[in-house]
Amino acid sequence: MFTGRFEGAITMKSSVSAAVHARRRPRARRVLLGALALLLTGTVMTAGAAWWAVDHYTGRIGRIPGVFPTGVPQPASGKGGVTFLFAGLDARSDLPTTGTDAQGPLWKEGMQRSDTMMLVHLPEDRSGAFVVSLPRDSWVDVPGRGNAKLNAAFSWGGPPLLIDTVQRLTGVRVDHFAVLDWSGFTKLTDALGGADIPMADGSKRHMSGEEALSYVRARKNLPRGDLDRTHRQQNYLRSVFSKLLSSGSVTDPFRWKKLLDAVTETVSVDDRLSDSDIRGLAWDLKGVKWAGMVFMNAPVTGTGMVSGQSVVHLDREAGQGLWDAMAEDTMAQYVDSHTLDRLGDRTP
């Protein structure tokens, strides 16, 4: 009798347990499906928000009409990739001159000079980026004006004359133009939360926008003058890209919005660079790491004096190989096989 009751109890317990598990399984499935649904919804919302941000902000970037020279010889289009000419302006104005914040003219003859000039080449496979600085004191032939410092080209003729000068100098077709004045530089740096810039002694110094501006503009007390100045500018850019791509800047939506606001308010680009072009570039470059960026100076033979002016003499023979590599989209191979004035781990 006891055995029968015991077996009956076991049978009843098993039935209850089975019923409980039967109820738990659908509930567990509902919880799992609910979690997956939330995850999927979150992913879609994040992707949608990211697309909205890209679409929204690309439409707000300031465009400059009439940037490219007309009626002058044009280099052949490059065999791959895309090349930007980036200029940083000393506008000599209390008013912003670039971006949607611009209140003064981008160019007025004799009022602005391009203190920073870099050719930025993005290879066709978007595996990295190659940044080549052209020292502002480079002694060059400015079309229609004769020999002068490179930064005088912008002062005399704005973006078209600067682009014409650079294209004739290098033989590289400039696909797009971007420009930032010093007021915008300061604002952009502060929007990023400052810049952590490696110093010559191996330490890092946190700089505000104004401090970073003084750092990239200095040259008189630097051993190589304008050449060390360009490396400082590259060092700043490398620090900014490193901070952008390896910190919480991108994942913090409020910080990211502040930065994107600052970019659109301070940077201007040519009107050939469409919204879809920018979206495509943003998508193509999402996997590029700052460590994959190569910074260098254009080859030079040295510095000197011309008519009482301190100038930089470009090495035309060595430079031709570099410019050919840029035009033929073989920069990676060129960098690996040549000794260059590259940005090192430390700068003066």
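For the structure, check the block above.
Cut-offs used in this document
Position numbers for residues start from 1 in each chain and track the written sequence from start to end. Predicted model: local features are reported for residues with pLDDT of at least 70 only, side-chain atom pairs are reported and counted for 80 or more only, and whole-chain, interface and lining totals are derived from all residues. The basis for every side-chain value is the complete set of non-hydrogen atoms in the structure, without hydrogens or water. Segments assigned H or I by DSSP are reported as helices when at least four residues long, segments assigned E as strands when at least two residues long, and all are numbered from the N terminus. Throughout, exposure labels follow a simple rule: accessible area from a 1.4 Å probe, protein chains only, divided by the maximum for the residue type, with under 20% read as buried, over 50% as exposed, and the rest as partly exposed. Whether two residues are in contact is decided by their heavy atoms, any of which lying within 4.5 Å being enough. Accessible surface area values rest on a Shrake-Rupley calculation with a 1.4 Å probe, where residue burial reflects the displayed protein chains alone. Criterion used throughout: strands pair if DSSP finds at least two bridges between them. When a carboxyl oxygen of Asp or Glu is within 4 Å of a side-chain nitrogen of Lys or Arg, the pair counts as a salt bridge. Here an axis means a line fitted to C-alpha atoms, over the contact stretch when the element is a helix, while the angle between two N-to-C directions is reported on a 0 to 180 degree scale. Should an angle lie under 35 degrees it is considered roughly parallel, over 145 roughly antiparallel, and from 65 to 115 roughly perpendicular; all remaining angles are considered oblique. Crossing handedness is defined as follows: a turn of the near helix away from the far one that is anticlockwise and smaller than a right angle gives a left-handed crossing, while the clockwise case is right-handed. Asp, Glu, Lys and Arg are counted as charged, while Ala, Val, Leu, Ile, Met, Phe, Trp, Tyr, Cys and Pro are counted as nonpolar; the rest, among them Gly, fall into the polar class. Put simply, a nonpolar core is a bunch of buried Ala, Val, Leu, Ile, Met, Phe, Trp, Tyr and Cys residues held in one set by side-chain atoms that sit within 4.5 Å of each other. Think of a 1 Å grid over the protein atoms and nothing else: a 1.4 Å probe that fits but is trapped marks a cavity, an open set flanked by protein within 12 Å on at least five of seven lines marks a pocket, and residues with an atom within 4 Å of a point count as lining. Grid points are joined across faces, edges and corners, and a volume is the space filled by probe spheres set on the points.

### Side note on the overall build of the protein chain
Regarding its fold elements, the protein chain presents 9 helices and 13 strands. A total of 348 residues make up the protein chain; the buried ones form 46% of that total. Considering only residue pairs separated by 6 or more positions, the protein chain has 70% of its internal contacts joining residues 24 or more positions apart. Accessible surface computed for the protein chain: about 18000 Å², of which carbon and sulfur atoms make up 57%.

### A closer look at the pairing of strand 11 (residues 293-297)
Across the 5 residues of strand 11, 5 count as buried, placing the element largely inside the fold. Side chains Met 293, Phe 295 and Asn 297 of strand 11 all project onto a buried face; the interleaved residues Val 294 and Met 296 project onto the opposite face, where all are buried too. Strand direction decides the pairing type here: strand 4 (residues 129-133) and strand 11, joined by 5 bridges, are parallel. Bridging across to strand 11, Phe 130 finds its partner in Val 294.

### Observations regarding the environment of Gly 319
Along the chain, Gly 319 falls in helix 8 (residues 316-327). Sequence spacing of Gly 319 and Leu 169 is 150 residues, and the spatial spacing of their C-alpha atoms is 9.6 Å.

### Remarks on the pattern of salt bridges
By the definition in use, this model includes 10 salt bridges. Ionic pairing is found between Arg 63 and Asp 275, a salt bridge with its closest N-O pair at 2.6 Å. Note that Arg 63 is positioned in strand 1 (residues 62-64) and Asp 275 in helix 7 (residues 275-284), a separation of 212 residues in sequence. Take Arg 63: its relative accessible area is 27%, and that puts it in the partly exposed class.

### Points about unusual backbone geometry
Of note, the phi angle at Arg 126 is positive, near 55°, even though the residue is not glycine. Its relative accessible area of 17% is what places Arg 126 among the buried residues. Despite not being glycine, Asp 329 has its phi angle at roughly 60°, a positive value. When you line up the elements, Asp 329 lands in the loop between helix 8 and helix 9 (331-337).

### Quick word on the packing of helix 3 (residues 182-191) against helix 4 (residues 209-217)
Interhelical geometry of helix 3 versus helix 4 gives an angle of 125° and a closest axis separation of 8 Å. It follows from the interaxial angle that helix 3 and helix 4 lie oblique. Both helix 3 and helix 4 take part in a crossing whose hand is right-handed. Counting all contacts with helix 3, which are made through Trp 182, Phe 185, Thr 186, Thr 189 and Asp 190, the residues of helix 4 involved are Gly 209, Glu 210, Ala 212, Leu 213, Val 216 and Arg 217. By residue class, the composition of the contact of helix 3 with helix 4 is 5 nonpolar, 3 polar and 3 charged.

### Quick notes on helix 3
Counting buried positions along helix 3 yields 7 of 10 residues, so the element is predominantly enclosed. Taken residue by residue, helix 3 has Trp 182, Gly 184, Phe 185, Thr 186, Leu 188, Thr 189 and Ala 191 as its buried positions.

### Topic: the nonpolar core
Ranked by internal contacts, the top residues of the largest apolar core, which has 39 residues, are Leu 134, Leu 162, Phe 177 and Trp 323. Take this core: its biggest share by element is 8 residues, from helix 2 (residues 152-170). In contact with Leu 134, not counting residues within four places along its chain, are Met 117, Leu 119, Leu 150, Val 166, Leu 169, Ala 298 and Trp 323. Core analysis: the second largest hydrophobic core is formed by 35 residues, Ala 129, Leu 180, Ile 278 and Leu 281 among them.

### Some points on the environment of Gln 320
Along the chain, the position of Gln 320 falls in helix 8. Sequence separation between Gln 320 and Pro 299 is 21 residues, and the spatial gap between their C-alpha atoms is 9.3 Å.

### Considering empty space enclosed by the protein
Applying the stated criterion across every chain, the model contains 1 cavity of 30 Å³ or more. Taken as a whole, the largest cavity spans an internal volume of roughly 50 Å³. In terms of lining residues, the largest cavity is bounded by Gly 78, Gly 80, Gly 81, Val 82, Thr 83, His 121, Val 172, Arg 173, Asp 175, Met 326 and Ala 327. Elements represented by at least two residues in the lining of the largest cavity include exactly strand 2 (82-90) and helix 8. Class assignment for the residues of the lining of the largest cavity results in 4 nonpolar, 5 polar and 2 charged.

### Brief notes about the pairing of strand 6 (residues 146-149)
Summarising the sheet, strand 5 (residues 139-142) and strand 6 pair through 4 bridges and their orientation is antiparallel. Paired with Asp 141 across the strands is Asn 147, a residue of strand 6. Hairpin connection of strand 5 to strand 6: 3 residues between the antiparallel strands, including Gly 144 at a positive phi of 80°.

### Points about the side chain of Arg 136
One can find Arg 136 in the loop between strand 4 and strand 5. You can call Arg 136 buried: its relative accessible area is 14%. Those residues in contact with Arg 136 that lie beyond four places of it in its chain are Ser 114, Asp 115, Met 117, Lys 149, Leu 150, Asn 151, Arg 219, Asp 226 and Arg 229.

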